[in-house]
Amino acid sequence: VVKVNSGASALEFGTIQTKFVKATEVQWNTRTATSNQSSNQNILSSHGSVVKDNGTGSDLFVHVHMPTRNHSNDNSHYDFTMNLSGGSSYTSSTGLLYFSNDGSFSTIQSGAFKMSGLPAGTYSITITLKSNGQANNGGHIVNPNSSDNNRLNQTTTRMLFYEVLQ
């Protein structure tokens, strides 16, 4: 990059400083049906691979878009967990919600959130449908396909991860 020198008398070459490290996309296209139960349900368990290059000096910004159908409950949420290979798990309960969609219609559940304090390493992903203690929690389809509606192709959950230096 060309910039003005400190004396404001000439141009000089400088370096571009950016905080963006990289982006990673993880896709999951398996049709999954949750059951009607009052306990938590892992609907995606230890899937994908996200490599975080920097230690706690960077954050992960996460965007999740998950197609669903046939909700039995009016409002609940998912836990989104990053599982460090050979290490700890880090969970965000703030970013990914689901809401009723009148039974037979499809909808996209989505969320965007920041995960801070994660060490460098390779992570897998777990998404858990959280129970609200009611027997009708769940009972819906994640990643519906033509078996749910003949106009659908196989739908896909997409997760985007952006690593950014603090």
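For the structure, check the block above.
Bear in mind that the values here come from a model prediction, so they are computed numbers and not experimental data.

Caption draft 1: Broad picture of the overall build of the chain. Within the chain, the regular secondary structure consists of 0 helices and 13 strands. Mapped in sequence order, the helices and strands of the chain form the string β-β-β-β-β-β-β-β-β-β-β-β-β. For the chain, the proportion of its 166 residues judged to be buried stands at 39%. Intrachain contacts of the chain at a sequence separation of at least 6 include 77% that bridge at least 24 residues.

Caption draft 2: Region of the structure containing the nonpolar core. Residues Val62, Phe80, Met82, Ile125, Ile127, Met159 and Phe161 are the most contacted members of the largest nonpolar core, which totals 23 residues. Of all the secondary-structure elements, those providing two or more residues to this core are β3 (20-28), β5 (41-52), β6 (58-69), β7 (75-84), β10 (106-115), β11 (121-129) and β13 (157-165).

Caption draft 3: The arrangement of the packing of aromatic side chains in detail. Tallied over the entire structure, the rule returns 3 aromatic pairs. Look at Phe80 and Phe113: their rings are 5.3 Å apart centre to centre, the planes differ by 70°, and that puts the pair in the edge-to-face class. Here the residue Phe80 occupies a position in strand β7, and Phe113 occupies one in strand β10, the gap between them amounting to 33 residues. Just as Phe80 is buried, Phe113 falls in that class too. An aromatic cluster is defined as three or more aromatic residues linked by ring pairs; in this entry it consists of Phe80, Phe113 and Phe161.

Caption draft 4: Quick peek at the environment of Asn70. Its place among the elements puts Asn70 in the loop between β6 and β7. Accessibility expressed as a relative area gives 27% for Asn70, which makes it partly exposed. A sequence separation of 71 residues divides Asn70 from Ile141, and the C-alpha atoms of the two residues are 6.3 Å apart.

Caption draft 5: Main features of the pairing of β13. Here β3 pairs with β13 via 8 bridges, running antiparallel. Note on β13: the bridge partner recorded for Glu25 is Leu160. Pairing geometry for β6 and β13, over 8 bridges, is antiparallel. Each bridged residue has a counterpart across the sheet, and for Phe61 the counterpart in β13 is Tyr162.

Caption draft 6: Inspection of the pattern of salt bridges at higher detail. Inspection of every chain in the model, using the stated rule, returns 4 salt bridges. The salt bridge partner of Asp148 is Arg31, with a shortest N-O separation of 2.7 Å. Linking Asp148 in the loop between β12 (141-142) and β13 with Arg31 in the loop between β3 and β4 (32-33), this pair joins segments that are 117 residues apart in sequence. Judged by relative accessible area, Asp148 falls into the buried class, the value being 16%.

Caption draft 7: Geometry of the side chain of Asn83. Structurally, Asn83 can be placed in strand β7. You can call Asn83 buried: its relative accessible area is 15%. A polar atom in the side chain of Asn83 sits 3.0 Å from the side chain of Ser89. In this structure, Asn83 is in contact with Ser46, Ser88, Ser89, Thr122, Tyr123, Ser124, Ile125 and Thr126, ignoring residues within four places of it in sequence.

Caption draft 8: Fine view of unusual backbone geometry. Of note, the phi angle at Ala8 is positive, near 55°, even though the residue is not glycine. Along the chain, Ala8 turns up in the loop between β1 (2-4) and β2 (11-13). Not every positive phi belongs to a glycine, and Asn143 is a case in point at roughly 60°. As for its position among the elements, Asn143 is in the loop between β12 and β13.

What counts, and at which threshold
Residues numbered from 1 in each chain as written. Predicted model: local features only at pLDDT ≥ 70, side-chain atom pairs only at ≥ 80, totals over all residues. Heavy atoms only, no water. Helix = DSSP H or I, 4+ residues; strand = E, 2+ residues; numbered from the N terminus. Buried < 20%, exposed > 50% of the residue type's maximum accessible area, 1.4 Å probe, protein only. Contact = heavy atoms within 4.5 Å. Core = buried A, V, L, I, M, F, W, Y, C linked by side-chain atoms within 4.5 Å. Phe/Tyr/Trp six-rings, centres within 6.5 Å; stacked < 30°, edge-to-face > 60°. Pairing = 2+ DSSP bridges. Salt bridge = Lys/Arg side-chain N within 4 Å of Asp/Glu carboxyl O. Polar contact = N/O pair within 3.5 Å; in protein donor to acceptor, adjacent residues only side chain to side chain.

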